[in-house]
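The chain contents come next:
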Amino acid sequence: MSLDTNAPKRRSSTETLEDCIAAIKAQGSQSDIVFTKLYLDSARRDAAAADARIAAGQPLSPIDGRIVSIKDLYDVAGETTMSGSKVMAEAPPATRDAPVVERLRRAGAVIVGKTHMTEFAFSAVGLNPHFGNPGNPDDAARVAGGSSTGATIALRKGMCEFSVGSDTGGSIRMPSALCGTVGLKPTQSRISREGMTALCPTFDTAGAIALTVSDCQLLDGVLSGQEAPMPASLSLDGMRIGVPEYYFQNGIEAPVKKAFDDAISTLEAAGAAIVDPGIEQILDAMNEVNARATFPNVESSYVFRQQMSSNPDAIDPFIRSRIERGMSVDAAHYIWMTRQREKLLDQMDEALASVDVLMTPTVPIVAPLITAMSDPEELARVNLLLLRNTWVANFFNLPALSLPCHKRGLPVGMQIIGHRNADHRVFAVGSAVETIGSVRKLCA
């Protein structure tokens, strides 16, 4: 790969890494909550090697020398993958890097560390009683969202340039919305999940988080092996944007509604056609499938059956209760759930044919206070509310991008949901939305 001589000159990888390390150290003991492990010595070696390649005009990829964090559910050779849980401490070390980690290394990325997550990636709120509760970058008294909690905080605090997360029901997009970052849940098959701790194999996805849509797409290209050129300026004029109301906006908080409505008005002024996608009956049918238990409830009860039988009291009670719910589902009902979902996938694909994308608030609330989550009923309520809007893309295996749409105050996210396997189109729409100044708020 040759250097693009027209590209703006960026700071060296070594300089950027030292800035990231300084940001980590500036957090003091809080950095031990954001990161579960740091690789500072190897990162410095990798940064120096990247600088030498780039100086010679031979970068390995568009992210050669860029500073990346990885969520602590990806295998790194020689290490035990903790997945936010103390019960995993006795698990044998990984024998090889997860393919996602291998791709990063081959691309020349500088891996600075592994980031904090909720136990087993099974909470939207971002709290972990075993390893601590990192606060939101905009207000440390508020939650940062989960389960890719440390990933988004590290980005906003300047501890890395990219983060790799995972998303089973919104775990990339929920913290992105609450913390003001950009994150994509891709179509599931695009990025390998091998070497990633499973929660719900039917829904689990690996994905990219960054501060801009273009950076998110750069990282996604490396993780998926499907690099695409940065989209040309995409006109919003004539684009058909589906904006469902009752499901996605029920119970929405005032700051979220204002930010989202303002963003949609701006897109409409740019020529976009805002239409009703007519998917409410399909969403009602989805809720019927999930009424007894969700796919993550059921599949996690199988995935973590050994931990639940050997040491259940060592698992966060909130997480344990969600796994236990799945244990009550028999095989016949699970097969029914699977078959009903297959029918609904086809129905949703047909319904979405009439629009270019869907747009919704990523989550209907701003980040709640950490202290309020000490009430188990409030924790359960907030967890379900945070999951409601993002969950849809996982159920229907649709690519979904969250990007900031607030102008002031606590972060608010806009979710762009595309057609299955049309991930690059979602990025193109996201890039067009991001360039409209009154929609985008640059991350601090």
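Residues numbered from 1 in each chain as written. Predicted model: local features only at pLDDT ≥ 70, side-chain atom pairs only at ≥ 80, totals over all residues. Heavy atoms only, no water.

S.K.: Honestly, the pairing of strand 5 (residues 182-185) in this entry has me stumped. Any pointers?
M.R.: By the alternation rule, side chains of strand 5 split into Val182 and Leu184 and Gly183 and Lys185, which are all buried. In the sheet, strand 5 pairs with strand 6 (residues 205-210) via two bridges, with the strands oriented antiparallel. If you follow Gly183 over to strand 6, its bridge partner there is Ile209. Judged from the three bridges that link them, strand 5 and strand 10 (residues 400-404) form a sheet pairing that is antiparallel. Residue pairing in the sheet places Leu184 in a bridge with Leu401 of strand 10. (Buried < 20%, exposed > 50% of the residue type's maximum accessible area, 1.4 Å probe, protein only. Helix = DSSP H or I, 4+ residues; strand = E, 2+ residues; numbered from the N terminus. Pairing = 2+ DSSP bridges.)

S.K.: For this particular structure, what's the right way to read the side chain of Asp72?
M.R.: Locating Asp72 in the fold gives a position in the loop between strand 2 (67-71) and helix 4 (99-106). A distance of 3.1 Å separates a polar atom in the side chain of Asp72 from a polar atom in the side chain of Thr36. Apart from the residues within four sequence positions on either side, Asp72 is in contact with Thr36, Thr81, Met82, Ser83, Gly84, Lys114, Thr115 and Met117. (Polar contact = N/O pair within 3.5 Å; in protein donor to acceptor, adjacent residues only side chain to side chain. Contact = heavy atoms within 4.5 Å.)

S.K.: Explain the nonpolar core here, please?
M.R.: Generally speaking, soluble globular proteins have nonpolar side chains that are buried together. Of all hydrophobic cores here, the largest spans 57 residues; its most connected members are Tyr74, Leu104, Val164, Leu267, Met359, Leu401 and Met414. At six residues, helix 9 (residues 254-269) tops the list of elements feeding residues into this core. Excluding its chain neighbours within four sequence positions, the residues that come into contact with Val164 are Val68, Ser69, Ile70, Lys71, Tyr74, Val100, Leu104, Gly207, Leu219 and Leu223. In this structure, Phe203, Met337, Met348 and Trp391 belong to the second largest nonpolar core, which totals 30 residues. (Core = buried A, V, L, I, M, F, W, Y, C linked by side-chain atoms within 4.5 Å.)

S.K.: Is there a simple way to explain the side chain of Ser13 in this structure?
M.R.: Take Ser13: it is sitting in helix 1 (residues 13-26). When sequence neighbours within four positions are dropped, the list of residues in contact with Ser13 reads Ala47, Ala50, Asp51, Gly65, Ile67 and Val110.

S.K.: Even after reading the chapter, I still don't get unusual backbone geometry, so can you show me in this structure?
M.R.: Excluding glycine, a negative phi dihedral is what most residues carry, and trans is how most peptide bonds are arranged. Between Gly146 and the following residue, Ser147, the backbone shows a cis peptide bond with an omega angle of 5 degrees. Relative to the helices and strands, Ser147 is located in the loop between strand 3 (110-115) and helix 5 (149-156). One non-glycine residue, Phe120, lies in the positive phi region at around 60 degrees. Note on placement: Phe120 falls in the loop between strand 3 and helix 5. Of the residues examined, Phe120 reaches a relative accessible area of 1% and is grouped as buried. Positive phi, close to 70 degrees, is recorded for Asn421, a residue that is not glycine. Turning to its location among the elements, Asn421 is positioned in the loop between strand 11 (413-417) and helix 16 (423-434).

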